[in-house]
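Here are the chains, one letter per residue:
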Amino acid sequence: MTTDPVPDQLTGNLARLNQLCGRIAMLLAARPMPEPSLIAPVELFAKAAAAWTGQGAVQDPPADQLRAIALAATGLEDAERQRLLWLADQVAEMLSPANSLMTNTEAQAEAVRSQGASLVRGMENLLADLEAARHPQIPLSAGYLPGRDLALTPGQVVLRTEVMELIRYAPQTTQVHARPLLIVPPWINRFYVLDLQPRNSMVRWLVAQGFTVFMISWRNPQAAQRDLGIEAHVQAILDAVAAARRETGADQVQAAGYCIGGTALALALGVLGRRGEAPVASATLMATLIDFSNPGPIGMYLAEEMVAAVQRQAAAEGVLDRAFLNRAFAFLRPNELVWRPAVRRYLMGRNLPRHDLLYWNGDGTNLSQRMVHDLLRRLYGENAFVNGINVLDETVRPSDLRLPVFAVACDKDHITGWQACQRGVEMTASTDRTFVLAEAGHVAGIVNPPASGRYGFDLGGERHAGSWWPLWSGWLDARAGGMTDAAAFEGGLGPAPGPYVCDTWPSAGEVIDDAAKAHRSA
């Protein structure tokens, strides 16, 4: 009895690799090149090189050469010098031996063991990511879907406008606090970071504590929404406050904002303060900047040449594409969010592990042309909130916030540094302030459910083990207006999490009708 010869696996894999490399090369060649200023600070490099009079050994690593220029060049401003040093760190991370097949012995061994199959899988992963404009940290095999795997807390969309949907979550207790809690998430990425899965959902935990929770789900802007900036978002928050009071019959609401959502909430509260209105009983600011004078690592992107290039790109397309934002935030933590995932996917040919938070991290959103201007020029560039910013015909400053404030910052935050968060809170006129310094980073420090007990926090110089959520719940409870019987609510515009989070939208007429209906019944 004879059997067919076994095909030469190595030869087949090499042929497949050659085919994949050709397709990748064609795909890259067909792509338009971005402006040079979006890739590297060309003008800064030229200025530093012209000002540097030192000598460097040719054999010095590129990162060391760049550090030498940054440290020795005369005529550089401190911010320029710090930016060059940051870029040197980026170069060092990029040129790590682990990132190249030529020097990564583990990847070499896997390629030999698998007769090239690992490299084929890696190039297939790279091609798929390039075709989908995805970043390597997105776990493509995860199969997550909001409403099926994430954002599972039951509720109803009760308001829809061109800017946002407002979700009201169903009660899980027989009695609830009289004053509802409105949460304002950031509009960079999606709201469900606060409602991932039952085990780590802040929303579900709050509902279980007897709070009636409302959540804003921001619309992912397209070119048609190019003119919707910070004012439109502040107005949406005011609309959500009114809707939450109307839905529950409460005299006031409590409000919490996260990251840039917290900044917008603070602006909305400033508008209310200027108008002499007090529909909000307390404010919680989570990882929130008010003072943008020293924002931390994200400031590396705020040089004039970079900001101008970003604005030109947003003007051409109506929005700044989500892929650009994903890359920008990932390179603030390049080893964790760029190079290690890239090595795993492209050199080792392995998929990333299933992880809800990593999926959310890659589920990006665009920024409208107007929002790019408002964030980069007004808030970051001019520090306009501190200096007085015009919003909805009111000139607002931090001192216009006079209500109780609970602020939490994260000690390893690479986006909103905790010192800057604390500095902004101290600029408010509130006489009832609580500041908590949570352990961990921008997301892990906030999404830290009590059941995990993973990270602790500092309060008034004293370290506490476990989550800060129970402390916050007690603080909210004292300002929640007592307890009342939970009432089932009916109607609404559809079940949570709503279509906006999945980038599906009703017709323009339906959106307008929803907003008009809400205003008529207010």
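Residues numbered from 1 in each chain as written. Predicted model: local features only at pLDDT ≥ 70, side-chain atom pairs only at ≥ 80, totals over all residues. Heavy atoms only, no water.

Structural notes on the overall build of the protein chain
Line of reasoning, step 1. Each helix and strand counted, the protein chain has 18 helices and 16 strands in total.
Line of reasoning, step 2. Within the protein chain, the fraction of its 522 residues that count as buried is 52%.
Line of reasoning, step 3. Pairs at least 24 residues apart make up 79% of the contacts formed inside the protein chain by residues separated by at least 6 positions.
Line of reasoning, step 4. As presented, the protein chain carries roughly 22900 Å² of accessible surface, and 54% of it is formed by carbon and sulfur atoms. (Helix = DSSP H or I, 4+ residues; strand = E, 2+ residues; numbered from the N terminus. Buried < 20%, exposed > 50% of the residue type's maximum accessible area, 1.4 Å probe, protein only. Contact = heavy atoms within 4.5 Å. Areas by Shrake-Rupley, 256 points an atom, 1.4 Å probe, with all protein chains shown as cover.)

Looking at the confidence of the model for the protein chain
Line of reasoning, step 1. In the predicted model, the protein chain carries a mean pLDDT of 87, and 88% of its residues have values of at least 70.
Line of reasoning, step 2. For residues 1-6, every residue scores under 50 in pLDDT, and the model assigns this stretch zero contacts once sequence neighbours within four places are set aside.
Line of reasoning, step 3. Note on residues 515-522: pLDDT under 50 across the span, and eight contacts to partners over four residues away in sequence or across chains. (pLDDT = per-residue confidence, 0-100.)

Overview of the pairing of strand β2 (residues 164-169)
Line of reasoning, step 1. With six of its six residues buried, β2 lies for the most part within the structure.
Line of reasoning, step 2. Counting the residues that bridge the hairpin from strand β1 (residues 155-160) to β2 gives three residues.
Line of reasoning, step 3. Bridge count for β2 against strand β5 (residues 213-218) is five bridges, and the pairing is antiparallel. Across the sheet, the residue bridging to Leu 166 is Ile 216, located in β5. (Pairing = 2+ DSSP bridges.)

Things to note about the nonpolar core
Within soluble globular proteins, side chains that are nonpolar generally end up buried alongside one another.
Line of reasoning, step 1. Formed by 81 residues in total, the largest nonpolar core has its most connected members in Leu 166, Trp 187, Ile 216, Trp 218, Leu 367 and Phe 385.
Line of reasoning, step 2. Residue contacts for Trp 218: discarding those within four places in its chain leaves Val 163, Met 164, Val 184, Pro 185, Pro 186, Trp 187, His 233, Ala 236, Ile 237 and Tyr 500. (Core = buried A, V, L, I, M, F, W, Y, C linked by side-chain atoms within 4.5 Å.)

A closer look at the sheet that holds strand β13 (residues 433-438)
Line of reasoning, step 1. Taken in spatial order, the ten strands make up an open sheet running β1-β2-β5-β4-β6-β7-β12-β13-β14-β15, and their pairing is mixed. Each edge of the open sheet is held by one strand with a lone partner, namely β1 and β15 (462-464). Neighbour to neighbour, the strand axes of the sheet diverge by 25° on average, direction disregarded.
Line of reasoning, step 2. Its contacts with the sheet put helix α16 (residues 418-426) on β12 (405-410) and β13, and the angle it makes with β13 is roughly 175°. (Axes fitted to C-alpha atoms, helices over the stretch in contact; angles between N-to-C directions.)

Things to note about helix α9 (residues 260-275)
Line of reasoning, step 1. The first and last C-alpha atoms of α9 sit 23 Å apart over 16 residues, in line with the 22 Å expected at 1.5 Å per residue.
Line of reasoning, step 2. Extensive coverage of α9 is indicated by the burial of 13 of its 16 residues.
Line of reasoning, step 3. Of the residues trailing α9, Gly 276 is marked for its positive phi of about 75°. (Expected span 1.5 Å × (residues − 1).)

With respect to the packing of aromatic side chains
Line of reasoning, step 1. Scanning the entire structure with this criterion turns up nine aromatic pairs.
Line of reasoning, step 2. Where Trp 205 meets Trp 469, the ring centres are 5.6 Å apart and the plane angle is 55°; that geometry is what we call tilted. Placement of the pair is Trp 205 in helix α7 (residues 202-208) and Trp 469 in helix α17 (residues 469-477), with a sequence separation of 264 residues. Exposure class is identical for Trp 205 and Trp 469. Each is buried. (Phe/Tyr/Trp six-rings, centres within 6.5 Å; stacked < 30°, edge-to-face > 60°.)

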